[in-house]
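Summary of structural features
One letter stands for each residue in the lines below.
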Amino acid sequence: MSRDSFIHPRTAELLFYLPELKFDHADHPPDIALSWECYEFSANILATALSQKCSQRSIKEYLQRFPREEVSRSLEHYVNGPRIMTYAVDTGNTEIVQLLHEYNGNANSEDFEDNVPLLAFAIMRATRNGHTSLEMVKLLLSYGADPLAIPKEMWKNYVKTPIATKYDRDNILDSERWCVDEYRLILAKSLDLTTRYYLWRASRLGKPARRMLQITAALKMTALLRLPFRIIGQELTVKLVIDTVYTHMAQDTEKPLVVAFAGASGHGKTELATQMGSLLSIQNINIDCTHINSHMALFGSTFGYESNANGAPLNNFLVDNQGKRCVVFLDEFDKTDYDTRNALLKVMDDGTYRDRRGESDHAELDCRRVIWILATNLGNDAISRFHSQYLIKCSNDEDRANISIEPLQNELEELYMSRFSPAVTGRIDEIAPFFPFDKGEQAVVAHKFLLKFIDEVRCPIDEGTNRLVGHTNIRVIEDGKVCEEIARKWYKERLGARSIYKGVRTLRRKFILKYVDMDGLVRKR
């Protein structure tokens, strides 16, 4: 199939589209038509199901009818015919793409005759609706899609808006030879700031060794390797956390893992803990320690006291997840008192605990697989000073990635011993510092909030629910410059992302005031 089959020559935006495929039973709903195809696995049937936007559930049920090896072999060796991964990406459903990847779907497949990579298709299809399918792009990158398939000069300085310059055919990488002038024009329009940032970030990640992938797969923690695509900034910290969790789980140690997240508010501590739980597919709980003024407030009252039967959130969580891998995030841990911290020593040390509800003779519970995260603002000044002395002064990104944070960790450990006591500090396996955002990262944070605002005002008007602000498409020209300016004006190191959010919220307020300052009534389209 030629490139002209996928680019409509009569549209100004050169909209990408795929030919619609149809079932033989086209007069029935797609999910029902797919349910009838049960004789043997067919790549054509799977592509048709994707084209017809069959539900994820029906596609999964179709795949499960056949031996896994048969489906995997078919997808792995499939070259010509229906473009399965392209149709999967075109659904916009990341869970479907994840499902196919489990069956050897290839994130680096080239589905057009002129070798347009799947990653490029995912980016350029944004010309349909005016915004990039960012989660799809991040997913493909996390599965190993080569960022160098996209011309590097268009994202290496990710804050700078790319331009569709002419290219020198004799002086480009083999991976980007597909990108003729026509495609470069589309990419220049489709590559927004956050997409450029994650292409840049992906280019800095080394490919995991086969043995590491083998062990992570056996431990069901391969998804944790996607963590760099869930967090803005914190490059050194994310790598440290991945390495710490990986080595702890690989050794199958008999003790819980205790990690301290240190740094100023608003720089990703809560987000990273939440994403860890999500990627590992385990339960997590967030305890705000600013409201904990005693060990009973943390674990619940003991037998004989009022409300003993109700327990407390942490007590009940540990009981429900005994013997299981889970994450306990203790936010503002430095706000706890001496008795509360002492009450945590045993469960963080040997992983044993007794349910406090009811009678006091409960058997010991196995909490050795708990990952404890102690989030604290203690040490902000030391982290900020290290950031200024070492990270900001790096001449290039490679030098920055290789800086050792061990001296900072040692300084924080001394600080914790004086504040928390050696008993608590000695149980902390690793201290992960969260650094201030640099200027580029600040701009990406601003873009994150800006995209959310743009998505909100794009939603349809619904008079029934009084949602009367909507049906509005906002296009940001020079998004890098705009977001840099938002960050320059609003970012405060002590407040982190929250300060940038205030800036975007101010823009949102101004937009709504302009929106309502019109005589025409809001009507549903």
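See the structure printed just above.
We now turn to the structure provided with this report. Quick caveat, the model's predicted, so the values are computed rather than measured.

1. A look at the packing of aromatic side chains
Enumeration over the complete set of coordinates arrives at 19 aromatic pairs. For the ring pair Tyr197 and Tyr198, a centre distance of 5.0 Å and an interplane angle of 70° mean the geometry is edge-to-face. Taking relative accessible area as the criterion, Tyr197 reaches 1% and is therefore assigned buried. Ring geometry for Phe511 versus Tyr515: centroids 5.9 Å apart, planes at 40°, classification tilted. Of this pair, Phe511 and Tyr515 both sit in helix H24 (residues 497–516), separated by four residues, roughly a single helical turn. Like Tyr515, Phe511 is buried. Members of the aromatic cluster, each reached through a chain of ring pairs, are Tyr158, Tyr197, Tyr198, Trp200 and Phe229.

2. As for the packing of helix H6 (residues 94–102) against helix H8 (residues 134–142)
Where H6 contacts H8, the two axes come as close as 10 Å, and the packing angle between them is 20°. When the interaxial angle is binned, H6 and H8 end up roughly parallel. The two elements H6 and H8 cross, and the hand of that crossing is right-handed. Contacts between H6 and H8 pair Thr94, Val97 and Gln98 from the former with Glu135, Met136, Leu139 and Leu140 from the latter.

3. Points about the state of the cysteines
As used in these notes, a disulfide is a covalent bond between sulfur atoms, one from each of two cysteines. Counted by the stated rule, this structure contains zero disulfides. The thiol of Cys326 is unpaired, and the distance to the nearest cysteine sulfur, on Cys367, comes to 7.2 Å.

4. Topic: the sheet that holds strand E3 (residues 326–331)
Paired through backbone hydrogen bonds, the strands of a sheet run either parallel or antiparallel to each other. If you trace the five strands from one edge of the open sheet to the other, you get E2-E3-E6-E1-E7, paired in parallel fashion. Unpaired on one side and paired on the other, strand E2 (283–288) and strand E7 (430–434) mark the two borders of the sheet. On average, each strand axis in the sheet is inclined to that of its neighbour by 20°, with strand direction left out of account. Where E2 and E3 come together, six bridges link them in parallel fashion. Bridge pairing links Ile287 to Leu330 in E3. The strands that helix H12 (residues 235–251) touches are strand E1 (257–263), strand E6 (370–376) and E7; relative to E7, the one it contacts most, it runs at about 160°. Lying over the sheet, helix H20 (residues 406–420) contacts E1, E6 and E7, oriented at roughly 110° with respect to E7.

5. Considering H6
Of all the positions in H6, only Ile96, Val97, Leu99 and Leu100 are classed as buried. All buried residues of H6 lie within an arc of 155° about the axis, which places them on one face of the element. The residue sitting at the N-terminus of H6 and contributing the capping side-chain oxygen is Asn93; that oxygen lies 2.9 Å from the backbone nitrogen of Glu95. Positive phi shows up at Asn104, right after H6, with a value of about 75°.

6. Quick notes on the nonpolar core
Core analysis: the biggest nonpolar cluster contains 84 residues, and Leu46, Ile59, Leu63 and Ile150 have the highest contact counts within it. Among the elements that take part in this core, helix H22 (residues 439–458) stands out by supplying nine residues, more than any other. Aside from chain neighbours lying at most four places away, what touches Ile150 is Leu119, Ala120, Ile123, Trp155, Glu176, Trp178, Leu187, Leu191 and Leu199. Formed by 71 residues, the second largest nonpolar core is a distinct cluster that contains Ala262, Cys326, Met348 and Leu391.

Scoring rules and cut-offs
Residues numbered from 1 in each chain as written. Predicted model: local features only at pLDDT ≥ 70, side-chain atom pairs only at ≥ 80, totals over all residues. Heavy atoms only, no water. Phe/Tyr/Trp six-rings, centres within 6.5 Å; stacked < 30°, edge-to-face > 60°. Buried < 20%, exposed > 50% of the residue type's maximum accessible area, 1.4 Å probe, protein only. Helix = DSSP H or I, 4+ residues; strand = E, 2+ residues; numbered from the N terminus. Axes fitted to C-alpha atoms, helices over the stretch in contact; angles between N-to-C directions. Parallel < 35°, antiparallel > 145°, perpendicular 65-115°, else oblique. Left-handed = near helix turned anticlockwise from the far one by under 90°. Contact = heavy atoms within 4.5 Å. Disulfide = S-S within 2.5 Å. Pairing = 2+ DSSP bridges. Arc of directions from axis to C-beta. Polar contact = N/O pair within 3.5 Å; in protein donor to acceptor, adjacent residues only side chain to side chain. Core = buried A, V, L, I, M, F, W, Y, C linked by side-chain atoms within 4.5 Å.

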